[in-house]
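One letter stands for each residue in the lines below.
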Amino acid sequence: MKVVIPAAGLGTRFLPATKSQPKEMLPMVDRPIIQYVVEEAVASGADDILIVTGRGKRALEDHFDLSLELADRDDLPELRELDELSRRARIHFVRQREPRGLANAIECARFHTGKEPFGVLLGDTINVCDPPLLRQLWDRYERYHAPVLAVESVPDEKVRDYGIVDGPEVEPGVYRCERLVEKPPLADAPSRLGITGAYVLTPEIYDAIDRTRPDAHGEVQLTDALQLLARDRPVYAATFRGTRYDIGDRYLWLRTNLVFAWNSAELRDRLRPVLETLLEGSRATPSEPRPHRSRRRPKSRSRAER
Ligand code: G1P
């Protein structure tokens, strides 16, 4: 299975941490986010992975290079594990020359994927699923021989952050997409089924991307291309078993770090007293001023910015 991982976003929501390193290289406990994504692709059956990068993303290539200079060290099992991952799938890189949206990033894979169907996982989303999410989608693909995208129910206040799909349920948890709308206002949302960013696509997507007009930000949206495709042939959306962790901003990144650290027996024991002390402190002095001023910025609606 070929898998394409778009990882070209500018990471503006993590500045200054992402000024000179890709946000996909931010650590999730002990591994960079991109490593989890590649692990998920390989666990799903990928033997060929294309990572779509952009300017300032060379660290991603370095990360998956074999560590030849450390090859003889048997005291670095984590490195050996990473090398093993890089050997299990051929990992390629291509650059999106201008940040022009998710569909434009996918389009960079056109010659690489050729006439084959392929999986897509976003470089800033970790899925913890059993079986792995792309494997679940691929099983659906083999049944319907049509594009399949992962969806989950999203709360009203999140509708504006997602591609939303609607259509008849053809079997429990599988919908034939009739409408796909990228980040609609709540009032225009056809449902609450949000696209989570994992897809199995077929080569017809490229022609649909060619026919898709850029949005108001000048970006070509994959959701819009899929809407065009869905007019000509079936496109399916499927719910899945497991949990998706979007790492798209500093709060989500921090929260996921906490969850993953809590799930590690060693870290949980050491974190517990720290968290208890923090919680007790906040209960004892509820009106104490915050140590830092909030630097929350509105969520950018553009993938290129992410
Ligand atoms: C992209 C897609 C959107 C999808 C989302 C999931 O948007 O365009 O349809 O719902 O990923 O994270 P982004 O979050 O990159 O702006």
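Calculation rules
- Residues numbered from 1 in each chain as written.
- Predicted model: local features only at pLDDT ≥ 70, side-chain atom pairs only at ≥ 80, totals over all residues.
- Heavy atoms only, no water.
- Axes fitted to C-alpha atoms, helices over the stretch in contact; angles between N-to-C directions.
- Helix = DSSP H or I, 4+ residues; strand = E, 2+ residues; numbered from the N terminus.
- Parallel < 35°, antiparallel > 145°, perpendicular 65-115°, else oblique.
- Contact = heavy atoms within 4.5 Å.
- Nonpolar A, V, L, I, M, F, W, Y, C, P; charged D, E, K, R; others polar.
- Patch = residues over 30% accessible without salt bridge, like charges linked within 9 Å, V, L, I, M, F, W, Y side chains within 5 Å.
- Areas by Shrake-Rupley, 256 points an atom, 1.4 Å probe, with all protein chains shown as cover.
- Salt bridge = Lys/Arg side-chain N within 4 Å of Asp/Glu carboxyl O.
- Lys, Arg positive; Asp, Glu negative; His and termini not counted.
- Charge placed at Lys NZ, Arg CZ, Asp CG, Glu CD.
- Core = buried A, V, L, I, M, F, W, Y, C linked by side-chain atoms within 4.5 Å.
- Buried < 20%, exposed > 50% of the residue type's maximum accessible area, 1.4 Å probe, protein only.

## Description of the packing of helix α9 (residues 250–262) against helix α10 (residues 265–284)
Working step 1: Following both chains from N to C, one finds α9 and α10 inclined at 125°, their axes separated by 8 Å at the closest point. What the angle tells us is that α9 and α10 run oblique. Judged by residue contacts, Leu258, Ala261 and Trp262 of α9 engage Leu267, Arg268, Leu271, Arg272 and Leu275 from α10.
Working step 2: Grouping the amino acids of the contact of α9 with α10 by side-chain chemistry returns 6 nonpolar, no polar and 2 charged.

## Some remarks on a positive patch on the surface
Working step 1: Positive charge collects at one region of the surface, where Arg55, Arg58, Arg95 and Arg97 lie side by side.
Working step 2: Its place among the elements puts arginine 97 in the loop between β5 (90–95) and α4 (102–107).

## Considerations on the nonpolar core
Working step 1: If you look at the biggest cluster of nonpolar residues, it comprises 35 residues, and the most contacted ones within it are Val38, Ile49, Ile51 and Leu137.
Working step 2: Elements represented by at least two residues in this core include exactly β1 (2–6), α1 (33–43), β4 (48–53), α3 (77–88), α6 (133–144), β8 (148–153), β13 (193–201) and β14 (236–238).
Working step 3: With near-sequence residues (within four places) excluded, valine 38 lies in contact with Ile5, Ile49, Ile51, Phe64, Leu85 and Ile91.
Working step 4: Among the nonpolar cores identified, the runner-up in size contains 33 residues, and Ile106, Phe118, Tyr175 and Tyr199 belong to it.

## Quick word on unusual backbone geometry
Working step 1: In this chain, leucine 15 is followed by proline 16 through a cis amide linkage whose omega measures 5°.
Working step 2: With respect to the secondary-structure elements, proline 16 resides in the loop between β1 and β2 (27–28).
Working step 3: Backbone torsion omega between aspartate 130 and proline 131 reads 0°, so that peptide bond is classified as cis.
Working step 4: Within the secondary structure layout, proline 131 lies in the loop between β7 (125–128) and α6.
Working step 5: Phi angles above zero are rare outside glycine, and histidine 145 is one such case at about 50°.

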